[in-house]
Amino acid sequence: MTTIEGKAIVVRHERIDEAAAGQRIDNYLLRIAKGVPKSHVYRILRSGEVRVNGRRVQQTYRLQEGDEVRIPPIRVAEPTRAAPAPAGKPLPVVYEDDALLVIDKPSGKAVHGGSGVSYGVIEQLRVQRPELRMLELAHRLDRETSGLLIVAKKRSALTALHDMMRDGAVQKRYLTLVPGRWSNPLQHVKAPLFKYLTAEGERRVRVADDGKAAHSIVRLVRRWRDYSLLEVELKTGRTHQIRVHLAHLGFALCGDDKYGDFALNKRLEGEGLRRMFLHAAQLRFAHPLTGAPLAFESPLPADLQSFLDRLDAAEKKNG
């Protein structure tokens with residue numbers, strides 16, 4: 001729906017295909033009319049100017065394949081033209097079918113553009129796979145976190161995956177290294193998390209009574225004299241959940257530049273750990289369209305495994 005700045009286009013009719021099926025009408029309009037204020041999109045929905053198959057619909061209506069959407073003239077600003085994302089090296093694909101992709105994301109790569117990053121995994125995938133009509137993130141990983149990431153290729157798969165994650169039907173397990181000796185073989189951490197912005201405008205999260213419910217299950221995998229390797233299963237998917245839950249308990253992640261021990265991180269950097277030790281190691285869920293069980297594992301990347309090998313060598317040397 002591009003227009004010349006300040007000019008309105010004529011009424012437009014769109015036929016919904018498989019890629020858009022399952023999406024809410026308000027989200028569909030916001031996606032295809034980039035630059036239009038949300039308030040305007042909801043106004044034309046309320047007024048009945050948007051019609052689906054000739055009828056007024058609520059903003060919560062989910063589009064179906066074959067629906068015909070009437071879109072009234074909308075004024076939009078001339079879009080700014082950002083440089084396209086470079087294709088880059090092919091991203092490691094763990095699994096792919098006609099509904100979804102599972103990527104083994106490298107550390108240091110954002111999952112999407114924004115916050116000072118021009119592009120990320122999803123933009124790069126769209127350049128690498130121009131034949132695919134839809135590619136959308138089913139969930140997110142922090143930029144420094146490596147490991148398994150689900151990308152939907154169909155709207156129906158994306159909607160189902162979001163429902164499954166909300167219901168706790170997608171099992172996500174991470175590996176992380178923390179300083180100190182973690183004692184409990186298994187520990188449930190239930191502490192509500194509250195998102196806020198720092199004075200510098202950076203996003204942060206803290207444990208707070210008025211935050212959103214958050215539940216992590218922590219299992220001890222291995223312990224050295226000064227460090228512990230933990231597996232953390234997420235029962236909820238809050239921003240920075242693992243990082244904040246463990247820091248709240250006095251076990252901030254090694255290499256964490258937001259919630260960690262900065263003096264320790266500097267020392268660890270000199271010893272070979274140059275990033276946050278957090279890896280999305282396992283995914284288990286039913287296929288969002290067929291129901292078939294899916295299970296994926298990603299081994300620790302070489303940089304993290306190398307640091308554990310150094311701990312083993314140091315422990316052996318010191319008896």
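The residue count restarts for each chain, going from 1 along the sequence in the order it is written. Residue-level local features of this predicted model are given only where pLDDT is at least 70; pairs of side-chain atoms are given and counted only at 80 or more, and the full residue set underlies all totals for whole chains, interfaces and linings. With hydrogens and water set aside, each side-chain value is computed from the structure's full complement of heavy atoms.

Opposite charge on two side chains permits pairing when their charged atoms draw close. The working definition used for a salt bridge is a side-chain nitrogen of Lys or Arg within 4 Å of a carboxyl oxygen of Asp or Glu. Inspection of the entire model under this criterion finds 22 salt bridges. With a closest N to O distance of 2.6 Å, R222 and D312 form a salt bridge. Of this pair, R222 sits in strand β12 (residues 215–223) while D312 is found in helix α7 (residues 302–317), placing the two residues 90 residues apart along the sequence. Each residue is placed in one exposure class: buried if its accessible area under a 1.4 Å probe, protein chains only, is under 20% of its type's maximum, exposed if it is over 50%, and partly exposed if it falls in between. On the basis of relative accessibility, which here comes to 25%, the residue D312 falls in the partly exposed class. Secondary structure is summarised from DSSP: a helix means a run of H or I of at least four residues, a strand means a run of E of at least two, and numbering begins at the N terminus for each.

If you look at the biggest cluster of nonpolar residues, it comprises 27 residues, and the most contacted ones within it are L125, V151, Y174, V218, I242 and L246. Breaking this core down by element, the ones donating at least two residues are β5 (100–105), α3 (121–128), β7 (146–152), β8 (171–179), β13 (227–234), α5 (241–248) and β14 (278–286). Setting aside residues no more than four positions away along its own chain, L125 makes contact with L91, L101, I103, L135 and V151. In these notes, a set of buried Ala, Val, Leu, Ile, Met, Phe, Trp, Tyr and Cys residues joined through side-chain atoms within 4.5 Å is what counts as a nonpolar core. Contacts are assigned to residue pairs that have any heavy atoms within 4.5 Å of one another.

The next subject is the confidence of the model for the chain. Per residue, pLDDT captures the predictor's confidence, and it can take any value from 0 to 100. Averaged over every residue, the pLDDT of the chain is 89; residues scoring 70 or more account for 91%. Confidence drops under a pLDDT of 50 for residues 1–8, and excluding neighbours within four residues, the segment shows 24 contacts in the predicted structure.

At least two DSSP bridges between two strands are required for those strands to pair. Taken in spatial order, the three strands make up an open sheet running β1-β3-β2, and their pairing is antiparallel. A strand with exactly one partner marks an edge of an open sheet, and here the two such strands are β1 (12–15) and β2 (51–52). As paired strands, β2 and strand β3 (residues 68–71) are joined by two bridges and run antiparallel to one another. From the neighbouring strand, V52 faces β3, where its bridge partner is V69.

Here we come to unusual backbone geometry. A positive phi angle is found at N53, which is not glycine, with a value near 55°. Structurally, the position occupied by N53 is in the loop between β2 and β3. On the accessibility criterion, N53 (35% relative accessible area) is partly exposed. Phi at H240 is positive, roughly 55°, even though this residue is not glycine. Looking at where H240 falls in the secondary structure, it is placed in the loop between β13 and α5.

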